[in-house]
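# Analysis of the macromolecular model
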Amino acid sequence: MKKYISNFTKYRFLLGELVKKGITLKYRRSYLGILWTLVEPLLTMIVLTIVFGTLFGNEDRQFPVYILSGRLLYSFFSNSTKVAMKSIRTHSGMIKKVYVPKYMYPLSSILTDYIIFLISLIILVLVGIVLKVQPTFYLFQAVIPLVLMPIMAYGIGLILATLSVFFRDLEYIWSVALMLVMYTSAIFYKPARIIDAGYGWLLEINPLYSIVINFRNSIFGMPLDQRAFSLSLLYSFGFLAIGTLMFLKKQDEFILHV
């Protein structure tokens, strides 16, 4: 462990440069630039509110906040894991030329998207103010899902990055898996519908749902769902442990396949 900490400290400045590069490249040819981080979730929220709110007869005034909170978390999870999955192949040229701890590449991908995600939370705050969502003491609980979210994404990202080096088709399989994650995360519907129908287990086996529900509880002034909290801890650190072991075991073989 001391060896890994020393190695990370030695290359921490490179990690910062990789994150800066990732943010710069993401908005390099965009006219709106970083502003698109706020505009895109707002437009998505409006569309989803019209479809799943107005057309389905949902009269909850704060339903847009409900949708936006779930959509932002899913967007981060989806984008960060997809970029982390490709990170080793994307940096294959650097891997072949110089030594850099290979876990820096998926880590920088996750951190890049996490910074963008944190910026996008500004629009959630603004929409919450407009729709008069009253902040309570429970809002401080939001730190818990916001910390667990990148840990989970990094763990899954390490698993995907390792497997995708050897199985290129994983990229297409993961895109389908993300659709299942989205539809079982209760982003644009109330989870009670699924639970009452006897399919609540679909929500519990979805690692993202346990994060989403407690993030929303914090926003709407409710205590943490203890079962969801336990599951989110299990998923986050479980994926991190599995991903780290897989990555460290196979990283020396990457150069033969990238």
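A brief structural summary. (Residues numbered from 1 in each chain as written. Predicted model: local features only at pLDDT ≥ 70, side-chain atom pairs only at ≥ 80, totals over all residues. Heavy atoms only, no water.)

## As for the overall build of the protein chain
The secondary structure content of the protein chain amounts to 12 helices and zero strands. Helices (α) and strands (β) of the protein chain occur, in sequence order from the N terminus, as α-α-α-α-α-α-α-α-α-α-α-α. Over its C-alpha atoms the protein chain spans a radius of gyration of 19 Å, differing by no more than 12% from the 18 Å that the globule rule assigns to 258 residues. Seen through its principal axes, the protein chain has C-alpha atoms that stretch 60 × 45 × 35 Å. Expressed as a percentage of its 258 residues, the buried residues of the protein chain come to 47%. Counting only contacts in the protein chain whose residues sit at least 6 apart along the sequence, the fraction spanning at least 24 positions is 80%. (Helix = DSSP H or I, 4+ residues; strand = E, 2+ residues; numbered from the N terminus. Rg over C-alpha atoms; globule rule 2.2 N^0.38 Å. Buried < 20%, exposed > 50% of the residue type's maximum accessible area, 1.4 Å probe, protein only. Contact = heavy atoms within 4.5 Å.)

## Describing the packing of aromatic side chains
On inspection of all chains with the given rule, the structure shows 11 aromatic pairs. Ring centres of Phe63 and Tyr66 lie 5.8 Å apart, and the angle between their planes is 15 degrees; this geometry places the pair in the stacked category. With a gap of three residues between them, Phe63 and Tyr66 both fall in helix H4 (residues 63-90), about one helical turn apart. According to the relative accessible area criterion, Phe63 is buried, its value standing at 2%. With relative accessibility at 8%, the residue Tyr66 sits in the buried group. (Phe/Tyr/Trp six-rings, centres within 6.5 Å; stacked < 30°, edge-to-face > 60°.)

## Topic: the environment of Val39
Within the element layout of this structure, Val39 appears in helix H3 (residues 36-54). You can call Val39 partly exposed: its relative accessible area is 25%.

## Brief notes about helix H8 (residues 170-183)
Along an α-helix, residues three or four positions apart point the same way, because every turn accommodates 3.6 residues. In this model H8 runs 20 Å from its N-terminal to its C-terminal C-alpha over 14 residues, within 8% of the 20 Å that 1.5 Å per residue would give. Turning to H8, its buried residues number three or more, namely Leu170, Trp174, Leu178, Val181 and Met182. The buried residues of H8 all sit within an arc of 115 degrees when viewed along its axis, so they share a single face. In H8, those exposed residues whose orientation departs by more than 90 degrees from the buried face are Tyr172, Ile173 and Leu180. Residues of H8 that are buried sit in contact with H4, helix H7 (143-166) and helix H11 (207-219). (Expected span 1.5 Å × (residues − 1). Arc of directions from axis to C-beta.)

## Comments concerning a nonpolar patch on the surface
A cluster of nonpolar side chains, namely Trp36, Leu43, Ile46, Val47, Ile50 and Val51, defines an oily patch on the protein surface of about 500 Å² accessible area. Inspection of the secondary structure puts Val51 in helix H3. Judged by relative accessible area, which is 31%, Val51 ranks as partly exposed. (Patch = residues over 30% accessible without salt bridge, like charges linked within 9 Å, V, L, I, M, F, W, Y side chains within 5 Å. Areas by Shrake-Rupley, 256 points an atom, 1.4 Å probe, with all protein chains shown as cover. Salt bridge = Lys/Arg side-chain N within 4 Å of Asp/Glu carboxyl O.)

## Remarks on the pattern of salt bridges
A full pass over the atoms with the stated rule returns five salt bridges. Between Lys20 and Glu17 there is a salt bridge whose closest N-O contact spans 3.7 Å. Of the two residues, Lys20 and Glu17 both sit in helix H2 (residues 12-26), three residues apart, roughly one turn of that helix. Accessibility expressed as a relative area gives 53% for Lys20, which makes it exposed. We note a salt bridge from Glu253 to Lys250, for which the minimum N-O separation is 3.8 Å. Given a relative accessible area of 31%, Glu253 falls into the partly exposed group.

## Brief notes about the nonpolar core
In terms of nonpolar packing, the biggest core is built from 68 residues, with Phe77, Ile88, Phe117, Leu124, Met149 and Phe215 touching the most fellow members. Counting residues per element, the ones that place at least two in this core are H2, H3, H4, helix H6 (104-130), H7, H8, H11 and helix H12 (226-250). For this core, the element with the most residues is H4, which contributes 13 residues. Beyond its immediate sequence surroundings of up to four residues, Phe117 is in contact with Leu72, Leu73, Phe76 and Leu146. (Core = buried A, V, L, I, M, F, W, Y, C linked by side-chain atoms within 4.5 Å.)

## Considering the side chain of Ser164
Mapped onto the elements, Ser164 comes out in helix H7. Exposure remark for Ser164: the relative accessible area of 1% places this residue in the buried category. Each residue touching Ser164, except ones within four places of it in the same chain, is listed here: Met85, Arg89 and Leu170.

## Observations regarding H12
Spanning 25 residues, H12 covers 36 Å between terminal C-alpha atoms, matching the ideal 36 Å at 1.5 Å per step. Along H12, the residues that are buried comprise Ala228, Leu231, Ser232, Tyr235, Ser236, Gly243 and Phe247. On its buried face, H12 is in contact with H4, H6, H7, helix H10 (200-204) and H11. Capping of H12 at its N-terminal end is provided by Asp225; its side-chain oxygen lies 3.1 Å from the backbone amide nitrogen of Arg227. (Polar contact = N/O pair within 3.5 Å; in protein donor to acceptor, adjacent residues only side chain to side chain.)

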